[in-house]
Amino acid sequence: MTAVNDTPVQLTDDEIFTAHEGGKLAVGATASLADPRALSIAYTPGVARVSRAIAADPALADRNTGAGRLVAVVSDGTAVLGLGDIGPRASLPVMEGKAALFKTFGGLDSIPLVLDTTDVDEIVETLVRLRPSFGAVNLEDVSAPRCFELEAKLIEALDVPVMHDDQHGTAVVTLAALRGANTVLGKDIADQRVVVSGAGAAGVAITRILLAAGAGEVTLVDSRGIIHAGRAGLNPVKEQLAPLTNGSGLRGGLDVALRGADVFVGVSSAQVPEEQVASMAAGSVVFALSNPDPEVHPEVAARHAAVVATGRSDFPNQINNVLAFPGIFRGALDAGARRITEGMKLAAAGAIAAVAAEDLAVDRIVPSALDPRVGPEVAAAVALAAAEDGVA
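Residues numbered from 1 in each chain as written. Predicted model: local features only at pLDDT ≥ 70, side-chain atom pairs only at ≥ 80, totals over all residues. Heavy atoms only, no water.

1. Focus: the pairing of strand E1 (residues 70-75)
Every regular strand shows the same layout, with side chains that alternate between the two sheet faces. For E1, the tally of buried residues reaches six of six residues, placing the bulk of the element in the interior. Here E1 shows no split at all, with Leu70, Ala72 and Val74 on one side and Val71, Val73 and Ser75 on the other all buried. Following the backbone out of E1, through helix H5 (residues 88-106) and into the adjacent parallel strand E2 (residues 109-114), one traces a crossover that is right-handed. As defined by bridge partners, E1 adjoins strand E3 (residues 136-139) across four bridges and the pair is classed as parallel. Paired with Ala72 across the bridge in E3 is Val137. (Buried < 20%, exposed > 50% of the residue type's maximum accessible area, 1.4 Å probe, protein only. Helix = DSSP H or I, 4+ residues; strand = E, 2+ residues; numbered from the N terminus. Right-handed = clockwise from strand over helix to strand, strands pointing away. Pairing = 2+ DSSP bridges.)

Here it is in structure tokens:
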């Protein structure tokens, strides 16, 4: 999860820790308890009638409780921000922040659930048992490659929308940003070769959504070099992507991949020398998204690239997941969707790009993270796509 400010700020430990005292969330009542009649309606004896009705027809729980609109923000604390495997307790402030973003930008209630296990099957079993209490699952800060297996198993086991935001939220906003950049530059994604540096959660999801969006070619690079069919030691996820990527048959490292490339998307900690950026095609696009240190400093990248974006709030063109996940979940729940499909993710990217289109420039290829139009527009597009994809 990245910052949502649009201007650089100087923060002190005192104000940060003071703001976190007691946590960032609270539970509030939506029903009046102001008099005996109200109390009798909200609780006993009135509530018993609702419970009997739900016992007879479990589907009524979605209408007569808040569970159907509640998002569970789930983490095991193994890949938190840029801090790594710091455990569930240390991840809780981040999950509380995520829940606050859901409420502010999506109008959805959510609850942080940090689990003291890294076993995929144990996490799945836990959430299956808790299923009556929530209506969607946002996976957060789970390390790769476990995150791929966990998400797949949860989608199979649960009848509610499940999304790992580190994968798909990042991918959706990256695609939206590339569409904005291409509009400014008068380019078409079908004519571009995109290099994705980093084959973890975000890199894999970005690769998949760019392929789905019709990218001319995607070259995926991990710490050992360009991923290609036949390369030894690939995990199952990389093996699946190998024949779908690197159509030019390149071999070698990032330096080889970047030579003549049209777009660079960095989602790893690997630093990129200036000469490698300079070797890209004319009018290139550089998204250096690692936090807090981008793969290449934006001022350096701007010497050679036509459009530059980062994951930081103190440079133009912040690629921020908050543009995507609140609206995606809101749209999925509005539509009663049981799944989040590829079509819904593409629709979300299109909606973000459409909001940005009203005020595009080389330093404004995506909307501000605080733009109030984004959440509702994304939600509406996602709900429509859910109906079109037959999951509503």
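On we go from here.
2. Things to note about the packing of helix H9 (residues 201-212) against helix H15 (residues 342-356)
Packed helix pairs are specified by the crossing angle of their axes together with the interaxial distance, meaning the distance between the axes. It is at 11 Å that the axes of H9 and H15 come closest, and there the two elements cross at 85°. Relative to H15, the element H9 lies roughly perpendicular. Contacts from Arg208, Ile209 and Ala212 of H9 reach H15 at Glu342, Lys345 and Leu346. Grouping the constituent residues of the contact of H9 with H15 by class yields three nonpolar, no polar and three charged. (Axes fitted to C-alpha atoms, helices over the stretch in contact; angles between N-to-C directions. Parallel < 35°, antiparallel > 145°, perpendicular 65-115°, else oblique. Contact = heavy atoms within 4.5 Å. Nonpolar A, V, L, I, M, F, W, Y, C, P; charged D, E, K, R; others polar.)

3. Some details on the layout of surface pockets
Approximately 540 Å³ is the volume found for the second largest pocket. What lines the second largest pocket is a set of 16 residues, and nearest its centre among them are Ala26, Val27, Gly28, Asp109 and Ser110. Residue assignment for the lining of the second largest pocket shows that the elements contributing at least two residues are H5 and E2. Counting residues per element, the lining of the second largest pocket draws most heavily on E2, which supplies four residues. Class assignment for the residues of the lining of the second largest pocket results in nine nonpolar, four polar and three charged. (1 Å grid on protein atoms, 1.4 Å probe; cavity = no way out; pocket = protein on both sides within 12 Å on 5 of 7 lines; lining within 4 Å. Points joined across faces, edges and corners; volume = space filled by probe spheres on them.)

4. Things to note about the pairing of E3
Taking every second residue as pointing to the same face, both faces of E3 are buried, with Ala136 and Asn138 on one and Val137 and Leu139 on the other. A crossover links E3 with its parallel partner strand E4 (residues 162-164), the connecting element being helix H7 (residues 146-157), and its sense is right-handed.

5. Notes on the pattern of salt bridges
Taken as a whole, this structure holds 20 salt bridges when the rule is applied. Residue Arg231 pairs with Asp222 through a salt bridge whose shortest N-O separation is 2.7 Å. Given a relative accessible area of 13%, Arg231 falls into the buried group. The exposure class of Asp222 is buried, given its relative accessible area of 11%. Each of Arg69, Arg330 and Asp334 takes part in salt bridges that share partners, so that together they form one network. (Salt bridge = Lys/Arg side-chain N within 4 Å of Asp/Glu carboxyl O.)

6. Some words on the side chain of Glu217
Tracing the sequence through the fold places Glu217 in strand E6 (residues 217-222). In this structure Glu217 is buried but unpaired, with Arg193 as the nearest side chain of opposite charge at 4.9 Å. When residues no more than four places from it in sequence are discounted, the contact partners of Glu217 are Gln192, Arg193, Val194, Asn246, Gly247 and Ser248. (Lys, Arg positive; Asp, Glu negative; His and termini not counted.)

7. What about the environment of Phe134?
With respect to the helices and strands, Phe134 occurs in the loop between helix H6 (120-130) and E3. It is 5.0 Å that separates the C-alpha atoms of Phe134 and Leu70, two residues lying 64 residues apart in sequence. Once you skip the residues sitting within four places of it in the chain, Phe134 turns out to touch Ala67, Leu70, Ala72, Leu127, Leu158 and Val160.

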